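Okay, here's what each chain looks like letter by letter:
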Amino acid sequence: MNPILVLGGGPAGLSAASELAALGAPTLLVERESYLGGNPVRWHYSLLAPDLRPAEEVIGALLERVEGDARIERRLSTTLTKAELGSHGYRVTLATADASETRDVAAVVLATGFDHFDSRRKFEYGYGRFPDVVDFKELEGMLHDNKLVRPSDGQRPHRIAWVLCVGSRDLQVGNPWCCRLGCVVSIKQAVEVRQKHPEVDAYIYYMDIRTYGLWEDLYWKSMQEYGIKFIRGRIGAVTLAEGGSRLLATGEDTILSRPTEVPFDMIVLASGMEASAGTKQVAELFGVPVGPEGFLTPRLTDLNPVDSGLPGVFLAGAATGPKAIPDAVTEGMGAALRAYQYARD
Amino acid sequence: MSIVAHLPRRVLSLTEEEAANPPAMELTGRRKATGPEHELAETIFAEFRQDPRHHEFVLGCLNCGECTTGCPAARFYDFSPREMLQIAATGDATTLWDAMQEKIWACCQCYTCNMRCRFGNDIAGIISVMRELSVVHGLESTRKTLAPFGRSLTLLMTVGTQVSSDMIQPDFFRDWGPFATGSDKVWDVSSDVMRKAIPSDVLQTTRSSWEVSVQTSLELFRIYEETGVLDMLRGLDPDLTEMLIDIIEERREEFQDARGRFAKEIAAMRGPVASFTG
Ligand code: SF4
Ligand code: SF4
Ligand code: SF4
């Protein structure tokens, strides 16, 4: 059997690759970055919601399974530049910085994932202009390294605000969808901050809290056990206060129906999820339909979310929409199974 | 296809039938308009909800409050664009009626709320529709609210106001802060856009724009007459309306006279030239 190509080495791709190997299929795992693990590794995610297990532990287990398996051929810093449908799968061209080669593969799993929204596009929050306005993926790195300090002066912040739905649910930037994770990750971050530094005040500005399913527990605990304060309404603008030493968040408390101004030492933006550049690229190469949001569209979103509807092309993870790691891992397994069935028949 | 095209439209607006049977929404414990006031409130509610602009302007609301954040009026009054949007979508006629007594006049029509709205609502627009209805129906409260503005209105309607390209200077917009007025590139870009937004054929500068041409103001007034603005104003303040008409009539006559004189002068100038060449 020709190998089955898994495109993308994030949680979904790792899961698909290890599952394919377990089924006994030769597997070719291609990743455009120089490392495996995807966004969690790229941004040094700290603890993962909702169990607050270190990301390294979770992703590490996936990595171990893939790296320790001789049936999985791993190709890093490699991109796909061409794909042609043959009688038994695809003929694909793989390129590195200095070479390219052609390979025949029996089936393809697209696990090309998402990119975080570039928060500079919401210019009113001052990201990229004020150093103490950080993106929540950057805070992940700080928490991971146990270095919670203000980027401007290296001091410990006294009061932090989280702003949910940055670049999500927002027609101003053309992204009306929900990121699904901003709420739970922000609450998790606030809990993590309060666990490590109980003296830091944590405020979360929200429109709706979407800690769906069993994750709701973390939301309740965050209030009951960690004293995190929730303000219903958004920060609409960030400026400087106190001679430039602090940030001033202007917003509306929509429960009290009054505009508010609160000084903060740090403001964390829960940036949304967009289809990654790689996802857009493979959509074009294989001709996978793309929805208005820019994500790949499975043929049947309800009955079979991992089939693209094209022969031998299967989908997994955040390439088809915002997704949490457990869901990406599950889809990786589903796509692996379907790709294996296709290659075998 | 653009993503906006996928969004449902007209979700909060009513069809003619629906408006004829307004939702039986009861804000418990709230005042309810009664008697003739109730009738007028219901009429205004039905007209408001069937206005085609309601379909266009009120799309839905996440109650995010970002519109209120940037609203200058919200900082000084018990007023917020978010609340106005909610009122525009309410099924309770008395709530709309109450907001139309005073609140709608707090807005200064700066359109900041529209720039902020993540749902794409035209909040400033729907507020102006409410204002229009309050004027059209000659509400007593509107009469009182607008009474002190008779002088400004007279000037505005008989003379007008002009914007010239060279008004778009950082110095005139200090309240926008150093970000907008400093050396920051953003200012250059946005001021450039604004300058381009002013039709170039106006070709006015701050020096000349104070002198308003009689012809332009007459044309403007013609627009007020033809589009029903004048009739609208008549319902609210008949005396002021008559006065405006008097002023403009006088100006029209002057203009015609001047035209006649001008034509004669030209003819007089042409005369000798014609005989000379002939
Ligand atoms: S998950 Fe939460 S933060 Fe993310 S878009 Fe949805 S509501 Fe906003
Ligand atoms: S247009 Fe009116 S409601 Fe909107 S921001 Fe300006 S003053 Fe406020
Ligand atoms: S900005 Fe738009 S969506 Fe947000 S509260 Fe105002 S009207 Fe509603």
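Here the structure is a predicted model, which means the values were calculated and not measured. Along each chain, the written sequence defines residue order, and numbers are assigned to residues from 1. Chain letters start at A and ligand numbers start at 1, both assigned in the order the entries are written. Totals for whole chains, interfaces and linings use every residue, but because this is a predicted model, local features are given only for residues with pLDDT of at least 70 and side-chain atom pairs only at 80 or more, for both listing and counting. Side-chain metrics in this entry use all non-hydrogen atoms of the structure; hydrogen atoms and water are not considered.

Even after reading the chapter, I still don't get the pattern of salt bridges, so can you show me in this structure?
Should a side-chain nitrogen of Lys or Arg be within 4 Å of a carboxyl oxygen of Asp or Glu, the pair is scored as a salt bridge. This model, assessed by the stated rule, comprises 43 salt bridges over all chains. The partner of Asp307 of chain A in a salt bridge is Arg338 of chain A, and the shortest N-O contact between them spans 2.6 Å. Here Asp307 of chain A, found in the loop between helix 7 (277-286) and strand 20 (313-315), pairs with Arg338 of chain A, found in helix 8 (residues 325-344); they are 31 residues apart in sequence, far enough to count as distant. Judged by relative accessible area, which is 30%, Arg338 of chain A ranks as partly exposed. A salt bridge links Arg143 of chain B to Glu140 of chain B, with the nearest nitrogen and oxygen atoms 3.3 Å apart. Separated by 3 residues within a single helix, Arg143 of chain B and Glu140 of chain B lie in helix 10 (residues 140-146), roughly one turn from each other. In this scheme, a residue with accessible area under 20% of its type's maximum is buried, one over 50% is exposed, and one in between is partly exposed, where area comes from a 1.4 Å probe on protein chains only. Owing to a relative accessible area of 46%, Glu140 of chain B belongs among the partly exposed residues under this scheme. Overlapping salt bridges bring together Lys122, Glu124, Asp170 and Arg234 of chain A together with Glu66 and Arg118 of chain B as one network. Strands are runs of DSSP state E lasting at least 2 residues, helices are runs of H or I lasting at least 4, and numbering of each runs from the N terminus.

Teacher, can you tell me more about the sheet that holds strand 6 (residues 79-86) of chain A here?
Picture the strands of a sheet paired through backbone hydrogen bonds; they go either parallel or antiparallel. Residue and element names in this part refer to chain A. Criterion used throughout: strands pair if DSSP finds at least two bridges between them. Strand order in this open sheet of 3 strands is 6-7-8, and the pairing throughout is antiparallel. Taken across any chain shown, the strands that pair with only one partner, and hence form the sheet edges, are strand 6 and strand 8 (100-105). Ignoring which end each strand starts from, the neighbouring axes of this sheet average 20° apart. Relative to strand 8, strand 7 (residues 89-95) runs antiparallel, the two being bridged by 6 bridges. Here, axes are lines fitted to C-alpha atoms. For helices the fit covers the stretch in contact, and angles between N-to-C directions go from 0 to 180 degrees.

Hey, could you run me through the site of ligand 1 in this one?
Neighbouring residues are identified by heavy atoms, a residue being near a molecule or strand if any of them is within 4 Å of it. All residues adjacent to ligand 1 are Leu164, Cys165, Ser168, Arg169, Cys178, Cys179, Arg180, Leu181, Gly182, Cys183, Asp208 and Arg210 of chain A. Tallied by class, the residues present in the shell around ligand 1 amount to 6 nonpolar, 2 polar and 4 charged. Charged means Asp, Glu, Lys or Arg here, nonpolar means Ala, Val, Leu, Ile, Met, Phe, Trp, Tyr, Cys or Pro, and polar covers whatever is left, Gly included.

What should I look at first to understand the site of ligand 2 in this one?
Taken together, Cys71, Phe79, Pro81, Cys107, Cys108, Gln109, Cys110, Tyr111, Thr112, Cys113, Ala124 and Ile127 of chain B make up the full set of residues adjacent to ligand 2. Here the residues of the shell around ligand 2 are counted per class, giving 10 nonpolar, 2 polar and no charged.

Looking at this model, I keep getting lost on the side chain of Ser134 of chain B. Mind explaining?
Residue and element names in this part refer to chain B. Within the element layout of this structure, Ser134 appears in helix 9 (residues 123-136). A residue is classified by how much of its surface remains accessible, and Ser134, at 0% relative accessible area, is buried. N or O atoms within 3.5 Å of each other form a polar contact, as long as, within protein, one can give a hydrogen and the other can take it, and as long as residues adjacent in sequence are counted only when both atoms are side-chain atoms. For Ser134, the side chain forms a polar contact with the side chain of Thr142, separated by 3.2 Å.

Got a minute to help me understand the sheet that holds strand 16 (residues 246-253) of chain A in this structure?
Residue and element names in this part refer to chain A. If you trace the 3 strands from one edge of the open sheet to the other, you get 15-16-17, paired in antiparallel fashion. Looking along the sheet, the strands with just one partner apiece sit at the ends: strand 15 (235-241) and strand 17 (258-264). Looking at each pair of strands side by side, their axes are set apart by 25° on average, direction ignored. Judged from the 6 bridges that link them, strand 15 and strand 16 form a sheet pairing that is antiparallel. From the neighbouring strand, Thr239 faces strand 16, where its bridge partner is Leu248.

What exactly am I supposed to notice about the packing of helix 1 (residues 11-23) of chain A against helix 3 (residues 55-67) of chain A here?
Geometry of a packed helix pair, given as the angle between the helix axes and the separation of the axes. Residues and elements named next belong to chain A. The contact between helix 1 and helix 3 brings their axes to 9 Å, and the two run at 40°. Between helix 1 and helix 3 lies a crossing of left-handed hand. Packed against helix 1, whose contacting residues are Pro11, Leu14, Ser15, Ala17, Ser18 and Glu19, the element helix 3 presents Ile59, Leu62, Leu63, Arg65 and Val66 at the interface. Residue composition of the contact of helix 1 with helix 3, by class: 7 nonpolar, 2 polar and 2 charged. Crossing handedness is defined as follows: a turn of the near helix away from the far one that is anticlockwise and smaller than a right angle gives a left-handed crossing, while the clockwise case is right-handed. Should any heavy atoms of two residues lie within 4.5 Å, those residues are considered in contact.

It is not clear to me how the packing of aromatic side chains should be interpreted in this structure. Could you clarify?
What characterises a pair of aromatic rings is the spacing of the ring centres plus the angle enclosed by the ring planes. Residue and element names in this part refer to chain A. Classification of ring pairs rests on two measures: the distance between centres of Phe, Tyr or Trp rings, Trp counted by its six-membered ring, which must be within 6.5 Å, and the angle between planes, read as stacked under 30 degrees, edge-to-face over 60 and tilted in between. According to the stated counting rule, one finds 9 aromatic pairs over all chains in the structure shown. Ring geometry for Tyr205 against Phe264: centres 6.1 Å apart, planes inclined by 80°, an arrangement best described as edge-to-face. Of this pair, Tyr205 sits in strand 13 (residues 201-206) while Phe264 sits in strand 17, and the two are 59 residues apart along the sequence. For the pair shown, Tyr205 and Phe264 are each scored as buried. Between the aromatic rings of Tyr219 and Phe230, the centroid separation amounts to 5.1 Å while the plane-to-plane angle is 70°, which identifies the pairing as edge-to-face. Of this pair, Tyr219 sits in helix 6 (residues 216-224) while Phe230 sits in strand 14 (residues 229-232), and the two are 11 residues apart along the sequence. Residue class for Phe230 comes out buried when judged on its relative accessible area of 18%. Cluster of aromatic residues (ring-pair linked, three or more members): Tyr203, Tyr205 and Phe264.

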